[in-house]
There are 2 protein chains.
Amino acid sequence: MRRLTTVNTRVEQRRRTEDRILTAARQLFGEQGFDRTTIRAIATRAGSDPGLVMRYFGSKEKLFAQAAAIPADGAIEGSPEQIAEQLAAALTAKLADEPAAALAALRAMFTHPEAAEEVRAAMTAQQRQVAAQLSGDDALVRSGVIGALTLGLVISRHLVRLDGLDASPEELMAVAGPLLEKLTTG
Amino acid sequence: MRRLTTVNTRVEQRRRTEDRILTAARQLFGEQGFDRTTIRAIATRAGSDPGLVMRYFGSKEKLFAQAAAIPADGAIEGSPEQIAEQLAAALTAKLADEPAAALAALRAMFTHPEAAEEVRAAMTAQQRQVAAQLSGDDALVRSGVIGALTLGLVISRHLVRLDGLDASPEELMAVAGPLLEKLTTG
């Protein structure tokens, strides 16, 4: 028993350290872009050391790929109305809390080609899932515009900090929600 | 007369050189971001020399500000239907041809704070003009969502190259146009 507890504690400790490193990496990649961010700076912010960061993640590129991996929104399925509701819920969450991984990926994609691929892959996976549920000849275009609207709102609110987009998520969704309905029903 | 012609020719020549430098600067800032772009690389691509670039533009920062200055869309005014039409025409143009200055500014804004200010200032000016023409308590939010939709479509088409957004500008506007109408009428 004692041995098992020790192992569990070590696994748990490593997981916590990895989480701290990933959080620090997201912040620094987001603030400074890929090129200017060093393993040393990430280690310092995470309260760790560069050797451990390299041992856990292998390279700056691999650490970036993990830090910027965009979490999927969850399954999108059902009637057009249900899909619109699920998309609205996912968008509300992105407006309420800065999606740190997505923003780090977006920031870096403009200077680092691997990041562009990461954003494209995440958005494409999400969009194909939506397109498959929609009917009409223009389903792919409509699902693309859904992706573009979502991306535009997240960037305009959290990065550009555009006028009017500092409203509450509820006020924003009162305007954006009906657009999602229109796009899902076609 | 001879003297005047010489002066005109010199002015004209300088204008042409400045244009070539600005075009090269837009391409390189867009491809590589602000940090990695050098005055020397810009001069080489423009078929000029670094001394002349500095003499004409003063510094890399000032050259960037001019290269990334986003041209205004022109006056937006009239009834909600007319505004929707004017916005649709401006958006169609941005979908048809890559807006080089806007994309350079967008790419750089993620790594260079001055660029973020440039994008914010251009989008805010445009948006206030639209908001002033709309009625309803949520006019500012709606004009913000118009800006976000436009930004999202331009980035998704020209930078992320999202699925479905490679359709023709006409097919895209068949989907996005009605959204602009809904946003202007409220």
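Computed from a predicted structure; not experimentally measured.

1. A short note on the overall build of chain A
- A tally of regular secondary structure across chain A gives nine helices and zero strands.
- Sequence-ordered secondary structure for chain A, helices as α and strands as β, is α-α-α-α-α-α-α-α-α.
- In terms of overall dimensions, chain A has C-alpha extents of about 55 × 45 × 30 Å along its principal axes.
- Going through the 186 residues of chain A one by one, you find that 49% of them count as buried.
- Sequence separation of at least 24 residues holds for 65% of the intrachain contacts in chain A that already meet a minimum separation of 6.
- Roughly 9000 Å² of accessible area belongs to chain A as shown, and the carbon and sulfur atoms make up 51% of that amount.
- Here chain A carries 22 positive and 23 negative side-chain charges, and the mean point of each set is 13 Å from the other.

2. Some thoughts on the interface of chain A and chain B
- With 41 residues of chain A at the contact, the number on the chain B side is 41 residues.
- Note on chain A versus chain B: buried area summed over both sides is about 3700 Å², and carbon and sulfur give 72% of it.
- Counting across the interface, chain A meets chain B through two salt bridges.
- A salt bridge links Arg128(A) to Asp163(B), with the nearest nitrogen and oxygen atoms 3.0 Å apart.
- Across the contact surface, chain A and chain B share six residue pairs in polar contact (both at pLDDT 80 or more).
- Of all the secondary structure elements, the ones that give two or more residues to the side of chain A that touches chain B are α1 (2-36), α6 (100-109), α7 (113-133), α8 (139-160) and α9 (169-185) of chain A.
- Counting residues per element, the side of chain A that touches chain B draws most heavily on α8(A), which supplies 15 residues.
- The residue inventory of the side of chain A that touches chain B, partitioned by class, reads 22 nonpolar, eight polar and eleven charged.

3. Let's talk about the relation of the copies chain A and chain B
- After a rotation of 180° and a shift along the axis of 0.0 Å, chain A superposes on chain B with an RMSD of 0.1 Å. A rotation of that kind, with that shift, is consistent with a two-fold axis. Relative to the rotation axis, the C-alpha of Gly152(A) is the closest in chain A, positioned 1.8 Å from it.
- In this assembly, 100% of the residues forming the interface of chain A have copies in chain B that are likewise at the interface, indicating an isologous arrangement.

4. Here's the deal with the packing of aromatic side chains
All names here are of chain A.
- For the structure on display, the rule yields two aromatic pairs over all chains.
- Aromatic side chains Phe-29 and Phe-64 sit 5.0 Å apart centroid to centroid with 85° between the ring planes, which places their arrangement in the edge-to-face category. Taken together, the residues Phe-29 in helix α1 and Phe-64 in helix α4 (residues 60-67) connect sequence positions 35 residues apart.
- A residue is classified by how much of its surface remains accessible, and Phe-29, at 0% relative accessible area, is buried.

5. Re the environment of Ala75(B)
All names here are of chain B.
- Tracing the backbone shows Ala-75 in the loop between α4 (60-67) and α5 (80-96).
- Separated by 51 residues in sequence, Ala-75 and Gln-126 place their C-alpha atoms 9.0 Å apart.
- The residues touching Ala-75, leaving out its near neighbours within four places in the chain, are Gln-86 and Gln-129.

6. Regarding the domain arrangement of chain A
- Partitioning chain A into structural domains gives domain 1 (2-67) and domain 2 (80-185).
- Averaged C-alpha coordinates put domain 1 of chain A and domain 2 of chain A at centres separated by 28 Å.

7. Regarding the UniProt feature "DNA-binding region" (unreviewed entry) in chain A
- Those residues carrying the UniProt feature "DNA-binding region" (unreviewed entry) are residues 38-57 of chain A in this numbering.
- Between the end C-alpha atoms of residues 38-57 of chain A there is a gap of 14 Å, over a span that is 75% helix and 0% strand.

8. Concerning the nonpolar core
- Core analysis: the biggest nonpolar cluster contains 114 residues, and Leu63(A), Val145(A), Leu153(A), Leu63(B), Val145(B) and Leu153(B) have the highest contact counts within it.
- Apart from the residues within four sequence positions on either side, Leu153(A) is in contact with Leu91(A), Leu95(A), Leu165(A), Ala176(A), Val145(B) and Ala148(B).

9. Focus: α6(A)
- Of all ten residues in α6(A), eight are buried; the element is thus mostly enclosed.
- Along α6(A), the residues that are buried comprise Ala101(A), Ala102(A), Leu103(A), Ala104(A), Ala105(A), Leu106(A), Ala108(A) and Met109(A).

10. Thoughts on the pattern of salt bridges
All names here are of chain A.
- Under the defined criterion, the tally for this structure stands at 14 salt bridges over all chains.
- Residues Arg-15 and Glu-12 are paired through a salt bridge, measuring 3.5 Å at the closest nitrogen-oxygen approach. With Arg-15 and Glu-12 both in helix α1 and three residues apart, the pair spans about one turn of that helix.
- Take Arg-15: its relative accessible area is 41%, and that puts it in the partly exposed class.
- Judged by relative accessible area, which is 31%, Glu-12 ranks as partly exposed.
- Here the residues in one salt-bridge network are Glu-12, Arg-15, Arg-16 and Asp-19, joined through shared partners.

11. Some points on the confidence of the model for chain A
- For chain A, per-residue confidence averages 86 on the pLDDT scale, and 91% of positions sit at 70 or higher.
- Across chain A, element-level confidence peaks in helix α2 (residues 39-45) of chain A with a mean pLDDT of 97 and bottoms out in α6(A) with 73.

12. Quick look at the environment of Ala116(A)
- Note on placement: Ala116(A) falls in helix α7.
- Between the alpha carbons of Ala116(A) and Ser59(A) there is a distance of 18 Å; along the sequence they are 57 residues apart.

Rules used throughout
- Residues numbered from 1 in each chain as written.
- Chains lettered and ligands numbered in written order.
- Predicted model: local features only at pLDDT ≥ 70, side-chain atom pairs only at ≥ 80, totals over all residues.
- Heavy atoms only, no water.
- Helix = DSSP H or I, 4+ residues; strand = E, 2+ residues; numbered from the N terminus.
- Buried < 20%, exposed > 50% of the residue type's maximum accessible area, 1.4 Å probe, protein only.
- Contact = heavy atoms within 4.5 Å.
- Areas by Shrake-Rupley, 256 points an atom, 1.4 Å probe, with all protein chains shown as cover.
- Lys, Arg positive; Asp, Glu negative; His and termini not counted.
- Charge placed at Lys NZ, Arg CZ, Asp CG, Glu CD.
- Buried area = accessible area lost by both parts, 1.4 Å probe.
- Salt bridge = Lys/Arg side-chain N within 4 Å of Asp/Glu carboxyl O.
- Polar contact = N/O pair within 3.5 Å; in protein donor to acceptor, adjacent residues only side chain to side chain.
- Nonpolar A, V, L, I, M, F, W, Y, C, P; charged D, E, K, R; others polar.
- Least-squares fit on C-alpha atoms with pLDDT ≥ 70 in both.
- Phe/Tyr/Trp six-rings, centres within 6.5 Å; stacked < 30°, edge-to-face > 60°.
- Domains from an automatic or database assignment.
- UniProt positions renumbered as here; feature names shortened; annotations may be inferred.
- Core = buried A, V, L, I, M, F, W, Y, C linked by side-chain atoms within 4.5 Å.
- pLDDT = per-residue confidence, 0-100.

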